[in-house]
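The primary structure of each chain is shown beneath.
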Amino acid sequence: MSLSSVLKDLEELTSNAKQTQDDLLDEILRVNANTKYLLPFLHGNPDKELFKKNVPIVTYEDARPYIERVADGEPSDVISGEPITSFFLSSGTTGGKQKIFPVNNKFFEKIVFIDALRTSIISKHINCVEQGKAMSFLNTRPLSTTSSGLLVAPLMTSFIVSSYFKKYWSSTRFTSPDEVILCVDNKQSMYCHLLCGLVRREEVVSLVATFASGVVQAITFLESNWKELCNNIRSGYISEWITDLGCKDSVSIILGGPNPHLADLIEQECSQKSWEGIITRLWPNIKFIQSTLTGQMSQYIPILEFYSNKLPLISPSYSSSETLFGVNVNPLCKPQDVSYTFMPNMSYFEFIPVDEGNNGEIIDLVNVKLGCFYETLVTNGFGLYRYRMGDILQVTGFYNSAPQFRFVRRKNIVLSVHVEATTEEDLFKALKHATLVLESSGLMLMGFTSYSDISTDPGHYVLYWELKAKHCNGIFKLDNEVMVECCCVMEESLNSLYREIRSKDGSIGALEVRVVQQGTFDSLMEYFISKGASTTQYKTPLSVNSPQVLAILEDRVLARFFSDKSSPL
Ligand code: AMP
């Protein structure tokens, strides 16, 4: 796929958004009208009006029994007119069980298309990116199968082990060889990614991870391991604990023999007291960082700005295990201002307005209104029909006739101890204000989660924070005044119902911040991964309540602080 032909596709598809959506729905209904799932609603008739009138809007719990029948060995035609060949394991859960989504190769073709599109868009805005390499932190999870023998893996793992990865993602694109990307031991793979990236530092033009948390994780890993990495570069031998043969052999070739000069150079940069701008210091030709920075990932923007000397932070696309949605056609905009242009050839999209006064009407892609908020319904042709995504989006504009959306939040509330409902967006707003207080005293928030503590009377919000100093090797002393100020600022930023109950009714207690030891959120991630979460798709939960997770956090609490005034209305 050439850059110019993909950009031409972008223009054509977005200019003909309505026609493309209509054609796609026609095709989906033609192929799937006789599936066991759709038959009772359509009686085999692939008619669009019938689809809109009869097919119900569903959540994962409604679709689960049909999906599980195929996973357990019934023919694909329970849900899909074309064979289902594997399942994507999503990071989301319902009722404590991970969700799986049926797919086939057509999904991989869409990934290849969206990837080509975002690469072309970036190349249009930044010169010469195709002449260098990306230092990527891609990795894979061990594979598993359903009881009927079909592959179950997270989206990225499934793609990497498919023939599409080899065919379309040429190995010359990354600093790491395929063996490192395919290594299922995430610690060995991370070490090797960094080693290859450091040895090929002059060639690195971008740093790529699926989510911003992955970039922060890589830099934190580098902070703990740079001495050993330098020793390997100095001697030309890779550490003994890299036992994965694919990694060992392929990375040894890249290492290419002793390089004391490079080892000295890296050592000099890494041993400086402050790691401000470390990314641009270690990779002098880097032009941008590419990873999802919207939604839950926006919390990492200040940390990445600090480490990267304000390099462009590009959030290129919006995707999920259910479908790919769209791309950011304005990659150099501020990460806080990112919107995604929906691609009308990905899935059939409909929208439920979430603004007040919604009368149950469902809107087509091209009829959404500027400024309004919606929840997306997905009909993907792989077994999801009018499926509620649970993501809330706001229309920010149009690219030709395709709407552009800002990711607002996941639908679910994250905290509540009384009748108030604190959403993801409320929590992020409060944290943003607290982060300003932290920043002015030289501290960075490295990770957080929250907990609705109703064991106290009244119940109260607890925030677990992992902190780090910007300078002085990250070491800091906690200042009571600053921390209490953070608690107060957060309360002041929460929604009006929270503030009203907290100040008038007394049914919500003072907000508490519990500062935890460094590495706590890595331990939390290890716990979730041991329970089957995917490393590439892992996102720290915004709020927690399982006793096991709380025990991990509580074991590592260093200090506690409470807000000392009830928030003004
Ligand atoms: P998963 O299926 O595990 O990949 O998770 C998909 C979910 O991740 C989506 O439904 C969103 O809630 C979130 N997500 C994915 N891409 C983005 C993005 N670009 N911005 C914000 N949230 C995203």
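Please read these numbers as outputs of a predicted model, since none were measured by experiment.

Visitor: Can you tell me about the sheet that holds strand β14 (residues 373-379), naming the residues and giving the values?
Guide: Pairing is antiparallel across the open sheet formed by eight strands, whose spatial order is β9-β10-β11-β16-β15-β14-β12-β13. Both outer strands of the open sheet, β9 (317-319) and β13 (363-364), are each paired with one neighbouring strand and no more. By the bridge criterion, six bridges tie strand β12 (residues 348-353) to β14 in an arrangement that is antiparallel. Each bridged residue has a counterpart across the sheet, and for F351 the counterpart in β14 is T376. Contacts from helix α2 (residues 17-32) reach β12, β14 and β16 (402-410), with the element oriented near 110° to β12.

Visitor: I'd like a rundown of the site of the ligand, residues and numbers included.
Guide: Around the ligand, 17 residues are found, and the nearest of them are S91, T294, S321, D391 and Q537. With respect to the ligand, the side chain of Q537 contributes an N or O atom lying 3.0 Å from an oxygen atom. A total of 500 Å² of accessible area belongs to the ligand in isolation, and the protein chains cover 91% of it. Elements with a minimum of two residues in the shell around the ligand: β1 (86-94), β9, β15 (387-399) and β16. Ranked by residues supplied to the shell around the ligand, first place goes to β9 with three residues. For the shell around the ligand, the class distribution of residues is four nonpolar, ten polar and three charged. Here the shell around the ligand gathers at least three residues from each of two domains, domain 1 (3-105 + 317-410) and domain 2 (127-311).

Visitor: Explain the domain arrangement of the protein chain to me, using residue names and the numbers behind them.
Guide: Per the domain assignment, the segments making up the protein chain are domain 1 (3-105 + 317-410), domain 2 (127-311) and domain 3 (413-562). The centre of domain 1, based on its C-alpha atoms, is set 32 Å off from the matching centre of domain 2. On the side of domain 2, 16 residues touch domain 1, which itself brings 20 residues to the contact. Taken together, the connections running from domain 1 to domain 2 amount to zero salt bridges. Our enumeration of links across domain 1 and domain 2 arrives at seven residue pairs in polar contact (both at pLDDT 80 or more).

Visitor: Break down the pattern of salt bridges for me, citing the residues and quoting the values.
Guide: Under the definition given, this model contains 29 salt bridges. A salt bridge links D391 to R410, with the nearest nitrogen and oxygen atoms 2.5 Å apart. Highlighted residues: D391 in strand β15 and R410 in strand β16, separated in sequence by 19 residues. Look at D391 and you get buried, because its relative accessible area is 4%. Look at R410 and you get partly exposed, because its relative accessible area is 33%. Here E425 ties to R406 by a salt bridge, and the two come within 3.8 Å at their closest N and O atoms. Pair noted here: E425 is in helix α16 (residues 424-440) and R406 is in strand β16, with a separation of 19 residues, a long-range link. A relative accessible area of 33% places E425 in the partly exposed class. Linked by salt bridges that have partners in common, D453, E512, R514, E554 and R560 make up one network.

Visitor: Tell me about the side chain of S80, and please be specific about residues and values.
Guide: By secondary structure assignment, the location of S80 is in the loop between α5 (60-71) and β1. Residues within four places of S80 in sequence aside, it is in contact with N32, T35, G381, F382 and Y385.

Visitor: Hey, could you go over the UniProt feature "domain: GH3 C-terminal" (unreviewed entry) in the protein chain for me, with residue numbers and the actual values?
Guide: Those residues carrying the UniProt feature "domain: GH3 C-terminal" (unreviewed entry) are residues 425-547 in this numbering. Along residues 425-547, the helical share is 42% and the strand share 21%, with 25 Å between the first and last C-alpha atoms.

Visitor: Describe unusual backbone geometry, with residues and values.
Guide: Cis geometry marks the peptide bond from D457 to P458, where omega comes out at -5°. Residue placement: P458 occurs in the loop between β19 (443-453) and β20 (460-469). Here the phi dihedral of R386 falls at roughly 50°; this positive angle occurs in a residue that is not glycine. Examined against the element boundaries, R386 turns out to sit in the loop between β14 and β15. Positive phi values are uncommon outside glycine, yet N400 reaches one of about 50°. Mapped onto the elements, N400 comes out in the loop between β15 and β16.

Visitor: Provide a residue-level description of the side chain of S123, including the pertinent values.
Guide: Position of S123 relative to the elements: it lies in helix α6 (residues 105-125). Overall, S123 belongs to the buried group, its relative accessible area being 15%. Within the local environment of S123, its side chain forms a polar contact with the side chain of E130, the two groups lying 3.4 Å apart. When near neighbours in sequence (up to four residues on either side) are disregarded, S123 contacts L3, V129 and E130.

Visitor: Give me the lowdown on the nonpolar core, citing residues and values where you can.
Guide: If you look at the biggest cluster of nonpolar residues, it comprises 78 residues, and the most contacted ones within it are F159, F342, M343, F351 and F405. For this core, the element with the highest residue contribution is α6, accounting for nine residues. Counting the residues that make up this core, at least three belong to each of domain 1 (3-105 + 317-410) and domain 2 (127-311). Ignoring sequence-local partners within four residues, the contact set of F405 consists of S339, Y340, F342, F351, L365, V368, Y374, L393, Q394, V395 and T396. Core analysis: the second largest hydrophobic core is formed by 55 residues, C192, V215, L304 and F306 among them.

Visitor: Just give me the short version of helix α1 (residues 3-15), but keep the residues and values in it.
Guide: The terminal C-alpha atoms of α1 lie 19 Å apart, and with 13 residues this matches the ideal 18 Å at 1.5 Å per residue to within 8%. The set of residues buried in α1 consists of V6, L10, L13 and T14. Seen along its axis, α1 keeps its buried residues to an arc of 90°; they face one direction. The outward face of α1, more than 90 degrees from its buried face, is lined by the exposed residues S4 and K8.

Visitor: Give a detailed account of the sheet that holds β20, specifying residues and quantitative values.
Guide: Reading across the sheet, the four strands line up as β19-β20-β21-β22 and stay open at both edges, with mixed pairing between neighbours. Looking at the sheet topology across the chains shown, the edges are occupied by β19 and β22 (557-562). Strand-to-strand, the axes of this sheet are offset by a mean angle of 25°, without reference to chain direction. Here strand β21 (residues 512-516) runs beside β22; their pairing, made up of five bridges, is antiparallel. Note on β22: the bridge partner recorded for R514 is R560. Its contacts with the sheet put helix α19 (residues 520-530) on β19, β20 and β21, and the angle it makes with β20 is roughly 115°.

Conventions we followed
- Residues numbered from 1 in each chain as written.
- Predicted model: local features only at pLDDT ≥ 70, side-chain atom pairs only at ≥ 80, totals over all residues.
- Heavy atoms only, no water.
- Pairing = 2+ DSSP bridges.
- Helix = DSSP H or I, 4+ residues; strand = E, 2+ residues; numbered from the N terminus.
- Contact = heavy atoms within 4.5 Å.
- Axes fitted to C-alpha atoms, helices over the stretch in contact; angles between N-to-C directions.
- Near = heavy atom within 4 Å.
- Polar contact = N/O pair within 3.5 Å; in protein donor to acceptor, adjacent residues only side chain to side chain.
- Areas by Shrake-Rupley, 256 points an atom, 1.4 Å probe, with all protein chains shown as cover.
- Nonpolar A, V, L, I, M, F, W, Y, C, P; charged D, E, K, R; others polar.
- Domains from an automatic or database assignment.
- Salt bridge = Lys/Arg side-chain N within 4 Å of Asp/Glu carboxyl O.
- Buried < 20%, exposed > 50% of the residue type's maximum accessible area, 1.4 Å probe, protein only.
- UniProt positions renumbered as here; feature names shortened; annotations may be inferred.
- Core = buried A, V, L, I, M, F, W, Y, C linked by side-chain atoms within 4.5 Å.
- Expected span 1.5 Å × (residues − 1).
- Arc of directions from axis to C-beta.

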